[in-house]
Amino acid sequence: MNNSATNTARLLGAGLRALLVLTLVTGVLYPLAVTGIAQGLFRDKANGSEIKADGKVVGSSLIGQQYNLPLKKGQETPDPDLKWFQGRPANGLGSNSINTQYKLILSGATNLAADSGAVRGTCPAQPADGTLCAQVLAARTAVVKDNSVAGYTVKPSDVPADAITSSGSGLDPAVSPAYAELQVHRVAARNGLPVERVEKLVEDHTQSRTLGFIGEPRVNVLELNIALKALTAKQ
């Protein structure tokens, strides 16, 4: 009986010591080491790839933002603020209805098939409401209308795919150089800027493929709009 109690106490003591040691190593020392390495070598990425303007964090280079006008009475969807460069559509995003303390959005795709609304592989002129074809054609019409200004007319064939389709997450922070360049004349006209200076902004903020072969050339919309704001301030 005494031996059994002694063995039990010894095993409990060994278990508690192991628990304390593992808690210290995996719960304190390891997180501190990983955090220290991350802050020392990859500070920007470890802190969320923050983008700052005027000394304040205005977003992340990894998450897209929407540049819209305030909602008008009776509107469900705000109109885009056309003085800014616009990002990709975010058709898959839902609204946050649980944690109402913060204005969060839910990441996600549209869940519509690639041939949604298509007839024999082609979108008809008047696709059924709610289909991907309807979304794409409506987006293309809006892009053509919004970006056609005096002396510059956008043709439907000029509209790149990323201007009318959302990414898988709906939070893509970048657009293609083609879509950014298509918006140059409209942004210049809305802000009273020379087209050449706005074109130079796009050129300066065009990033090449990662390591020269991964992904596609891209333009971060938030960084581009921050530079645009600075340029208009100088004007």
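Above this text sits the structure in question.
Throughout what follows, the structure given in this document is the object of discussion. Fair warning: this is a prediction, and the values are worked out from it, not measured in the lab.

## Observations regarding the state of the cysteines
One pass over the full model with this rule turns up one disulfide. Covalently, Cys123 is tied to Cys133 through a disulfide, its sulfur atoms 2.0 Å apart. Disulfide Cys123 to Cys133: torsion about the S-S bond roughly -80°, handedness left-handed. Of this pair, Cys123 sits in the loop between strand 4 (105-106) and helix 3 (132-147) while Cys133 sits in helix 3; the two residues are 10 residues apart in sequence, bridging distant segments of the chain. For Cys123, a relative accessible area of 34% puts it in the partly exposed group.

## Looking at helix 5 (residues 184-191)
Owing to its 3.6 residues per turn, the α-helix brings residues three or four apart onto one side. Within helix 5, burial applies to Val184, Arg186, Val187 and Ala188. In this structure, the buried residues of helix 5 make contact with helix 3, helix 4 (177-182), helix 6 (195-204) and helix 7 (221-234). Two residues or fewer after helix 5 comes Gly192, characterised by a positive phi angle close to 65°.

## Points about a nonpolar patch on the surface
A cluster of nonpolar residues, Val21, Leu24, Val25, Val28, Leu29 and Leu32, forms a patch on the protein surface that exposes about 520 Å² of accessible area. Inspection of the secondary structure assignment puts Leu32 in helix 1 (residues 2-41).

## Brief notes about the nonpolar core
Soluble, globular proteins show a tendency: their nonpolar side chains are buried together. One finds Phe85, Val143, Val159, Ile164, Val198 and Leu228 to be the most contacted residues of the largest nonpolar core, which totals 31 residues. Only helix 3, helix 4, helix 5, helix 6 and helix 7 provide two or more residues apiece to this core. In terms of residue count, helix 7 provides more of this core than any other element does, six residues in total. When residues no more than four places from it in sequence are discounted, the contact partners of Phe85 are Tyr67, Ala180, Gln183, Val184, Arg186, Val187, Val198, Val202, Val221, Leu224, Asn225 and Leu228.

## Thoughts on helix 6
Where helix 6 is concerned, the buried positions are Val198, Leu201 and Val202. On an axial view of helix 6, the arc spanned by its buried residues comes to 95°, and they lie on one face. Along helix 6, the residues that are exposed and aim more than 90 degrees away from the buried face are Glu196 and Glu203. Residues of helix 6 that are buried sit in contact with helix 4, helix 5, strand 6 (206-207) and helix 7.

## Re the pairing of strand 2 (residues 56-60)
Sheet topology note: the strand 1 (residues 50-53)/strand 2 ladder contains four bridges and is antiparallel. Paired with Ile51 across the two strands is Gly59, which belongs to strand 2. The turn linking strand 1 back onto strand 2 is made up of two residues, and Asp54 within it adopts a positive phi angle of 55°.

## Considering a negative patch on the surface
On the surface, a cluster of negative charge is contributed by Glu181, Glu196, Glu199 and Glu203. Sorting elements by how many residues they give to the negative patch places helix 6 first, with three residues. Topologically, Glu199 is positioned in helix 6. The exposure class of Glu199 is partly exposed, given its relative accessible area of 39%.

## Here's the deal with the side chain of Gln86
When you line up the elements, Gln86 lands in the loop between strand 2 and strand 3 (94-95). Gln86 sits in the buried class, given a relative accessible area of 12%. Of the polar contacts made by the side chain of Gln86, one reaches the backbone oxygen of Tyr67; its length is 3.1 Å. Not counting chain neighbours up to four residues away, the residues in contact with Gln86 comprise Tyr67, Asn68, Pro80, Asp81, Val175, Tyr179, Gln183, Arg186 and Val221.

## Considering the pattern of salt bridges
Applying the stated criterion across every chain yields a total of three salt bridges. Two residues, Asp172 and Arg88, come together in a salt bridge whose shortest N-O distance is 3.3 Å. Here Arg88 lies in the loop between strand 2 and strand 3 and Asp172 lies in the loop between helix 3 and strand 5 (174-175), a separation of 84 residues in the sequence. Lys200 is the salt-bridge partner of Asp204, the closest N and O atoms lying 2.9 Å from each other. With a gap of four residues between them, Asp204 and Lys200 both fall in helix 6, about one helical turn apart.

Rules of the game
- Residues numbered from 1 in each chain as written.
- Predicted model: local features only at pLDDT ≥ 70, side-chain atom pairs only at ≥ 80, totals over all residues.
- Heavy atoms only, no water.
- Disulfide = S-S within 2.5 Å.
- Helix = DSSP H or I, 4+ residues; strand = E, 2+ residues; numbered from the N terminus.
- Buried < 20%, exposed > 50% of the residue type's maximum accessible area, 1.4 Å probe, protein only.
- Contact = heavy atoms within 4.5 Å.
- Patch = residues over 30% accessible without salt bridge, like charges linked within 9 Å, V, L, I, M, F, W, Y side chains within 5 Å.
- Areas by Shrake-Rupley, 256 points an atom, 1.4 Å probe, with all protein chains shown as cover.
- Salt bridge = Lys/Arg side-chain N within 4 Å of Asp/Glu carboxyl O.
- Core = buried A, V, L, I, M, F, W, Y, C linked by side-chain atoms within 4.5 Å.
- Arc of directions from axis to C-beta.
- Pairing = 2+ DSSP bridges.
- Lys, Arg positive; Asp, Glu negative; His and termini not counted.
- Charge placed at Lys NZ, Arg CZ, Asp CG, Glu CD.
- Polar contact = N/O pair within 3.5 Å; in protein donor to acceptor, adjacent residues only side chain to side chain.

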